[in-house]
Amino acid sequence: MIVNEWCMYCGECAGVCPRNLILLKETDLVFDDFRCNECDICIRVCPVSALKK
Amino acid sequence: MIETDILVVGAGPVGSIAAKHAALGGADVILIDKKSEIGSPKRCAEGASKEGLKFLGIEPQPIWAINEIKGIRLVAPDGTDVWLNDEIKLPEAGYILERKIFDKHIAMDAGRAGAEIKVKTLAKSLKKEEDSYIVSCESMGEEFEIRAKILIGADGSESHIGRWAGLKTGIKPKDMESGAQFEMCNVKMEDYSVLEFYFGSVAPGGYVWIFPKGEDIANVGLGVIQSKTDRSAYDYLVDFVRTCPATKNAKIVELNVGGVPVGGMIKDLSDDNILIVGDAASQVIPLTGGGIVSGMTCGMFAGEVAAKSIKSGDHSKKQLSEYNKRCKDLLDDKMKKHLKVRNYLESLSDEELNSVATAFQDVKFEEISTTELIKKLVKVSPKALLKLGKLF
Ligand SMILES: Cc1cc2nc3c(=O)[nH]c(=O)nc-3n(C[C@H](O)[C@H](O)[C@H](O)COP(=O)(O)OP(=O)(O)OC[C@H]3O[C@@H](n4cnc5c(N)ncnc54)[C@H](O)[C@@H]3O)c2cc1C
Ligand code: SF4
Ligand code: SF4
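Attention here is on the structure that accompanies the text. Fair warning: this is a prediction, and the values are worked out from it, not measured in the lab.

Looking at the site of ligand 1
All names here are of chain B.
Then, number 1: In the vicinity of ligand 1 lie 32 residues, with Asp 33, Ala 45, Gly 47, Ala 123 and Asp 279 positioned nearest.
Then, number 2: In the model, a nitrogen atom of ligand 1 is placed 2.8 Å from a nitrogen or oxygen of the Ala 45 main chain.
Then, number 3: Those elements giving two or more residues to the shell around ligand 1 turn out to be α1 (13–24), β9 (121–129), β14 (208–212) and β16 (251–261).
Then, number 4: Counted by class, the shell around ligand 1 contains twelve nonpolar, eleven polar and nine charged residues.
Then, number 5: Each of domain 1 (2–46 + 99–172 + 263–338) and domain 2 (68–93 + 173–261) contributes no fewer than three residues to the shell around ligand 1.

Notes on the sheet that holds strand β3 (residues 47–49) of chain B
Sheet strands pair via backbone hydrogen bonds, and the direction of the pair is either parallel or antiparallel.
Residue and element names in this part refer to chain B.
Then, number 1: Taking strand neighbours across the sheet as the criterion, the three strands line up as β3-β7-β4 in an open arrangement whose pairing is antiparallel. Two strands in the sheet have a free side with no partner beyond their single neighbour: β3 and β4 (65–68). The sheet shows a mean angle of 40 degrees between the axes of neighbouring strands, taken without regard to direction.
Then, number 2: Note that β4 and strand β7 (residues 94–97) share three bridges and pair antiparallel. From the neighbouring strand, Asn 67 faces β7, where its bridge partner is Ile 96.

Considerations on the packing of helix α6 (residues 292–312) of chain B against helix α7 (residues 317–347) of chain B
Residues and elements named next belong to chain B.
Then, number 1: Taken N-terminus to C-terminus, the directions of α6 and α7 make an angle of 160 degrees; their axes are 8 Å apart at the nearest point. Taken together, the axis directions place α6 and α7 in an arrangement best described as roughly antiparallel. Read as a crossing pair, α6 and α7 show a hand that is right-handed. In contact with Ser 294, Thr 297, Cys 298, Phe 301, Ala 302, Glu 304, Val 305, Lys 308, Ser 309 and Ser 312 of α6, α7 contributes Gln 319, Leu 320, Glu 322, Tyr 323, Arg 326, Cys 327, Leu 330 and Leu 331.

Observations concerning the state of the cysteines
Note: disulfide means a covalent bond formed between the sulfur atoms of two cysteine side chains.
Residues and elements named next belong to chain B.
Then, number 1: Tallied over the full model, the rule gives zero disulfides over all chains.
Then, number 2: Cysteine Cys 244 is unpaired, with the sulfur of Cys 185 as its nearest cysteine sulfur at 15 Å.
Then, number 3: Considering cysteine sulfurs only, Cys 327 is the nearest to Cys 298, which forms no disulfide, with 3.5 Å between them.

With respect to a negative patch on the surface
Then, number 1: There is a patch of like negative charges on the surface, built from Glu130(B), Asp131(B), Asp272(B) and Asp314(B).
Then, number 2: Looking at where Asp314(B) falls in the secondary structure, it is placed in the loop between α6 and α7.

Re the pattern of salt bridges
Between side chains of opposite charge, a pair can form when the charged atoms approach closely.
Residue and element names in this part refer to chain B.
Then, number 1: One pass over the full model with this rule turns up 38 salt bridges over all chains.
Then, number 2: With a shortest N-O distance of 3.7 Å, Lys 20 and Asp 109 are connected by a salt bridge. Residue Lys 20 is found in helix α1, and its partner Asp 109 is found in helix α3 (residues 99–113); the two are separated by 89 residues along the sequence. We note that Lys 20, like Asp 109, is buried.
Then, number 3: Here Lys 228 makes a salt bridge to Glu 346, at a shortest N to O gap of 3.4 Å. Linking Lys 228 in the loop between β15 (218–225) and α5 (233–243) with Glu 346 in helix α7, this pair joins segments that are 118 residues apart in sequence.

Remarks on the interface of chain A and chain B
Where interface size is quoted, it is often the accessible area lost as the parts come together.
Then, number 1: Taken together, the contact between chain A and chain B spans 22 residues of the former and 31 residues of the latter.
Then, number 2: A buried area of about 2,000 Å², summed over both sides, lies between chain A and chain B, and 55% of it is on carbon and sulfur atoms.
Then, number 3: Looking at the side of chain A facing chain B, the largest losses of area belong to Asn20(A), Glu26(A) and Pro47(A), adding up to 28% of the total buried there.
Then, number 4: Seen at the junction of chain A and chain B, the total is two salt bridges.
Then, number 5: In this structure, the salt-bridge partner of Glu26(A) is Lys120(B), at a minimum N-O distance of 2.5 Å.
Then, number 6: Class assignment of the residues belonging to the side of chain A that touches chain B gives a composition of 14 nonpolar, four polar and four charged.

What counts and how
Residues numbered from 1 in each chain as written. Chains lettered and ligands numbered in written order. Predicted model: local features only at pLDDT ≥ 70, side-chain atom pairs only at ≥ 80, totals over all residues. Heavy atoms only, no water. Near = heavy atom within 4 Å. Polar contact = N/O pair within 3.5 Å; in protein donor to acceptor, adjacent residues only side chain to side chain. Helix = DSSP H or I, 4+ residues; strand = E, 2+ residues; numbered from the N terminus. Nonpolar A, V, L, I, M, F, W, Y, C, P; charged D, E, K, R; others polar. Domains from an automatic or database assignment. Pairing = 2+ DSSP bridges. Axes fitted to C-alpha atoms, helices over the stretch in contact; angles between N-to-C directions. Parallel < 35°, antiparallel > 145°, perpendicular 65-115°, else oblique. Left-handed = near helix turned anticlockwise from the far one by under 90°. Contact = heavy atoms within 4.5 Å. Disulfide = S-S within 2.5 Å. Patch = residues over 30% accessible without salt bridge, like charges linked within 9 Å, V, L, I, M, F, W, Y side chains within 5 Å. Areas by Shrake-Rupley, 256 points an atom, 1.4 Å probe, with all protein chains shown as cover. Salt bridge = Lys/Arg side-chain N within 4 Å of Asp/Glu carboxyl O. Lys, Arg positive; Asp, Glu negative; His and termini not counted. Charge placed at Lys NZ, Arg CZ, Asp CG, Glu CD. Buried < 20%, exposed > 50% of the residue type's maximum accessible area, 1.4 Å probe, protein only. Buried area = accessible area lost by both parts, 1.4 Å probe.

This is the structure in structure tokens:
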């Protein structure tokens, strides 16, 4: 997953990931890409469209 | 390894008040937050009810209770507005807070009650071991573990703690309102002691709010349910502020975004050695998206029940179930009612919203009966009334 520079680290994507694969640090988003099933839910909920495959 | 009675993960207002009441109950408490500054950045429109703060024993202070609210203005898509004054009970109305100060104030209360506070400390994972949880943490490049007899997950809508512990705290996209907000100055409000709400296609699945922080300062934001639209919350917000007469000449001084879990409180609030509180447990009022007071009240219950459990030496699910009962007694009926009204509003088209607003425009709500309200609605929009009938 590509996290664009304008990500606000709000954590909304982490809350809806059905596999709980997104860990949000204070200013860093860590994805477990290996276990991701590419459902794209995180991409769709982002309030500022900051995620891209 | 650090040992403690109670570990609270998340120093939002809910985690902090849980830590405060756990410490007041005599337990050893550690409160951690991954942020370097508690309360910042804010992810909130900052409205909180007077009654709610009073129930929590929190005396409003001018430094964080920065504006008093006396009414609500509801605006339909065609601009027809309905005014409600404070003679009728207004949900989430009372004060506009300065959350960056308020959250710190509540954390300081926890600290003064005896809780140890660790900022810039991230909970990374956890494991259950006998009668405790061991949480792996990271702080300033250091890795360490904290063993707690009771773990309180107050980690907001990310809600990892609950899910790592096997509880169903994950949020479905249809239940997560995606929020975007500007704090602005030069906002032209009709009355800066009034909250304004705009409904309809300006924010699919949600609404727009203008919450005044001062004469020309306001939080202008909106929530959308992302499964109802392809556009982002931010895009809707930009469109709104550009066209709304109150904001088209206003200046942006801050951007806030975040998710609000509006699907109703989760069922499994606790298990052996663990309690989940606040946004992490979806303790948010579904209609308003307000979670400060409801979450903090449950946070206070969690702190009290956890301290009692430490005293008794019994940290089992059964012992902790008092927390579930108190939260359910407080919120279950209210949540059900609010979910119905929310579904009703979502089901109305812009035209139907306009008719409902027209019907209620000059109504004195504090003087009118429900039957009279229904009679008015049937006159202007039988279709809107039919939808209402189906829901209740
Ligand atoms: C745009 C928007 C507008 C809103 N407007 C209102 C409003 O007007 N009125 C109202 O009542 N409510 C409002 N809400 C909801 C309100 O903000 C929340 O209900 C409230 O903040 C919940 O408090 P909390 O303590 O549960 O969670 P939060 O305030 O989210 O705090 C959670 C804390 O946990 C920390 N954390 C998370 N994970 C970890 C980890 N792994 N390790 C360490 N720390 C961690 C975070 O850094 C954070 O500080 C709004 C929400 C949004 C997004
Ligand atoms: S939802 Fe968007 S802005 Fe928020 S943390 Fe995820 S990618 Fe960043
Ligand atoms: S694409 Fe789906 S599974 Fe992968 S990180 Fe995003 S929400 Fe999680």
